[in-house]
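Summary of structural features
As a plain string of letters, each chain reads:
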Amino acid sequence: MAEITTLREAIAGLVRDGDVVAMEGFTHLIPFAAGHEVLRQQRRNLTLVRMTPDVIYDQLIGAGCAKKLIFSWGGNPGVGSLHRLRDAVEHDWPAPLEIQEHGHGDLANAYVAGASNLPFAVLRAYAGSDLPKHNDKIKFIQCPFTGESLAAVPSIRPDVTVIHAQKSDRKGNILLWGILGVQKEAVLAAKRAIVTVEEIVDELNAWPNACILPHWTISAVCRVPGGGFPSYAHGYYERDNRFYQAWDAVARDRDTFQKWIKAHILDTDNFEEFRQVLAESVSQET
Amino acid sequence: MTPSAYTTNEIMTIAAARLLKNGAVCFVGIGLPSTAANLARLTHAPDIVLIYESGPIGAKPSILPLSIGDGNLAETADTVVSTPEIFRYWLQGGRVDVGFLSAAQIDRFANINTTVIGDYKKPGTRLPGAGGAPEIASCAGQVVLVLKQSARGFVKKLDFVTSVGHLDGGDARRRLNLPGKGPVAVVTDLCLMEPDPATKELTVTQLHPGISAEQIRKATEWEIRFAPELKETLLPTKTELEILRDLERRTRLAHGNLTAA
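About the thresholds
- Residues numbered from 1 in each chain as written.
- Chains lettered and ligands numbered in written order.
- Predicted model: local features only at pLDDT ≥ 70, side-chain atom pairs only at ≥ 80, totals over all residues.
- Heavy atoms only, no water.
- Helix = DSSP H or I, 4+ residues; strand = E, 2+ residues; numbered from the N terminus.
- Buried < 20%, exposed > 50% of the residue type's maximum accessible area, 1.4 Å probe, protein only.
- Contact = heavy atoms within 4.5 Å.
- Areas by Shrake-Rupley, 256 points an atom, 1.4 Å probe, with all protein chains shown as cover.
- Lys, Arg positive; Asp, Glu negative; His and termini not counted.
- Charge placed at Lys NZ, Arg CZ, Asp CG, Glu CD.
- Core = buried A, V, L, I, M, F, W, Y, C linked by side-chain atoms within 4.5 Å.
- Domains from an automatic or database assignment.
- Disulfide = S-S within 2.5 Å.
- Axes fitted to C-alpha atoms, helices over the stretch in contact; angles between N-to-C directions.
- Parallel < 35°, antiparallel > 145°, perpendicular 65-115°, else oblique.
- Left-handed = near helix turned anticlockwise from the far one by under 90°.
- 1 Å grid on protein atoms, 1.4 Å probe; cavity = no way out; pocket = protein on both sides within 12 Å on 5 of 7 lines; lining within 4 Å.
- Points joined across faces, edges and corners; volume = space filled by probe spheres on them.
- Nonpolar A, V, L, I, M, F, W, Y, C, P; charged D, E, K, R; others polar.

The next subject is the overall build of chain A. Each helix and strand in chain A was counted, giving 10 helices and 15 strands. Projecting the C-alpha coordinates of chain A onto the three principal axes gives extents of approximately 65 × 50 × 30 Å. Here chain A holds 286 residues, and 63% of them are scored as buried. Residue pairs at least 24 apart in sequence account for 73% of intrachain contacts in chain A once pairs closer than 6 positions are excluded. Counting every atom, chain A has about 11400 Å² of accessible surface; 50% of that belongs to carbon and sulfur. Of the side-chain charges in chain A, 29 are positive and 35 negative, and the distance between the mean point of each set is 4 Å.

Further remarks concern the nonpolar core. Leu48, Ile61, Leu69, Leu97, Ile194 and Trp260 of chain A together with Phe100 of chain B are the most contacted members of the largest nonpolar core, which totals 107 residues. Of all the elements, helix 1 (residues 8–18) of chain B adds the most residues to this core, at 6 residues. Structurally, this core is a two-domain feature, drawing no fewer than three residues from each of domain 1 (3–98 + 157–282) and domain 2 (104–154) of chain A. The residues touching leucine 97 of chain A, leaving out its near neighbours within four places in the chain, are Ile61, Ala66, Lys67, Lys68, Leu69, Leu85, Ala88 and Val89 of chain A. Core analysis: the second largest hydrophobic core is formed by 34 residues, Ala140, Leu202, Leu207 and Ile216 of chain B among them.

Residue and element names in this part refer to chain A. The element helix 3 (residues 54–62) is largely enclosed, with a buried count of 9 among its 9 residues. Those residues of helix 3 that fall on the buried side of the exposure criterion are Asp54, Val55, Ile56, Tyr57, Asp58, Gln59, Leu60, Ile61 and Gly62. Of the residues flanking the end of helix 3, it is glycine 64, one or two places downstream, whose phi is positive at about 85 degrees.

All names here are of chain B. Applying the stated criterion across every chain yields a total of 0 disulfides over all chains. No disulfide involves cysteine 26; its sulfur sits 15 Å from the nearest other cysteine sulfur, which is in cysteine 139. Taking the relative accessible area as the measure of exposure, cysteine 26 reaches 0% and is therefore buried.

Residues and elements named next belong to chain A. Note that alanine 263 resides in helix 9 (residues 254–266). On the basis of relative accessibility, which here comes to 35%, the residue alanine 263 falls in the partly exposed class. For the pair alanine 263 and serine 281, spaced 18 residues apart in the sequence, the C-alpha separation amounts to 9.7 Å.

Quick look at the packing of helix 1 (residues 7–14) of chain A against helix 2 (residues 32–40) of chain A now. Residue and element names in this part refer to chain A. Put simply, helix 1 and helix 2 touch, their axes get as near as 10 Å, and they point 60 degrees apart. With respect to helix 2, the axis of helix 1 lies oblique. Handedness of the helix 1/helix 2 crossing: right-handed. Along the contact surface, helix 1 presents Leu7, Arg8 and Ile11, while helix 2 presents Ala33, Ala34, Glu37 and Val38.

Applying the stated criterion across every chain, the model contains 2 cavities of 30 Å³ or more. Empty space within the largest cavity amounts to approximately 50 Å³. Residue lining of the largest cavity: Gly105, Asp106, Asn109, Leu123 and Arg124 of chain A together with Phe87, Leu91, Gln92, Glu135 and Cys139 of chain B, and that is the complete set. Put simply, the parts of the chain that give the lining of the largest cavity at least two residues each are helix 5 (104–115) of chain A together with helix 4 (83–91) and helix 5 (133–139) of chain B. With 3 residues, helix 5 of chain A is the largest single contributor of residues to the lining of the largest cavity. Split into classes, the residues belonging to the lining of the largest cavity amount to 4 nonpolar, 3 polar and 3 charged. There is about 30 Å³ of room inside the second largest cavity. For the lining of the second largest cavity, the residue count by class is 5 nonpolar, 1 polar and 1 charged.

Any functional reading would require information that these geometric values do not contain.
This is the structure in structure tokens:
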């Protein structure tokens, strides 16, 4: 049963040190506000799972929250590198980061297998690729019916999945539209789930198949308008490409990054205050 | 139209776009492939079906997406499905004719590295990684690669094979039971290469106007082969250039003067 609560309380109660955490959203609806709150509450030793780590995990990795990353594409979309991820992998800064690397189709299948309560996913991939040589979680099995060799990967079963969505009603039934990504599967694969939403309404007024996650699949729903910023929320606001571009310079240098994290996240109380501080620092630059 | 009237990037994009047939179902990577695929859609291939790995099927963006999941792709698509569905039903399901990809490095058999330069455990340069490319390279009916040519990018030996081309050549793909035919063309800013029908080694079959064989040799780390009869890429038409420049101008405006990387 979903509890409608504040983001601070949801993260405090549901995300623990050492957890396997999946924060999903494929470019669209990335749960940045929730990622910041995890960072603000200084969780440690997390195993972070996400198809595209994006800036949200660059921040958490650089701030020392993660011990392991399970992912399939680790760039800054449309810009270039995730410098904090690279620094962790290339130079063990701020701490060594174990990586477990897959392809997109593989991770998407692994979430489906998790949601289906199966131990592994099966797919036609990786023949000839070097990825299985460096990731012992990718194996090959023989189809018992045709003899075909197929790739097998363990299902993903996060301790907690965090997503951002457009709307919920007062019970916590979730509406999410546009680019859907793997959010439904990631929530259903997890033990606990937190959903931040743009708004909470009395009536969803949606088509019968539009409520993608009924309230009883969610642990906590938190109203955080703009909570997907600087990614976008279809129908609410667009992707802030300038932020992604500017992140390159912030993340490139350790000192600049640490000052940014302190001023914008550690020294702010919540996402709303982060947005205010960010607006002030952006207006000073221009 | 003379070679000085267009850039090497433009002829690369235009030559790549021309390879896409009207009506083809095309699984599109972000960046150069997405630019070329949309140019094809806006010129000779209005009925091309563009699929992006984030979920849009039949996307018709008026500006180029900066990320693989831009809202413009969803708004203009025939339908948007979940990411698992894209990979399971549409790509692995065998409904994609052409996988259209770029790469950081390729070798003479068009195998792709997008993972790491140097040792995996102690990387010199850590690249973004696989994305959907391993599955696209396996399962799409055929693959077209588009990337700028340089000796750093066209290497003798890949540090890491992220996505397979023709492996060690010959019938290697068939032996591994890979569903798709693999790379059928590599388009660069200098030329077009195609795999030799028997050995599958990349062979230059077409030079862009004004480009010499020597320039191509210098920009390739292995000893690149040339077809006995080399064709010349047709010059960009006025329409192709106008539509490409229009598209890129609209994109720069929409993304606040950012270029689609």
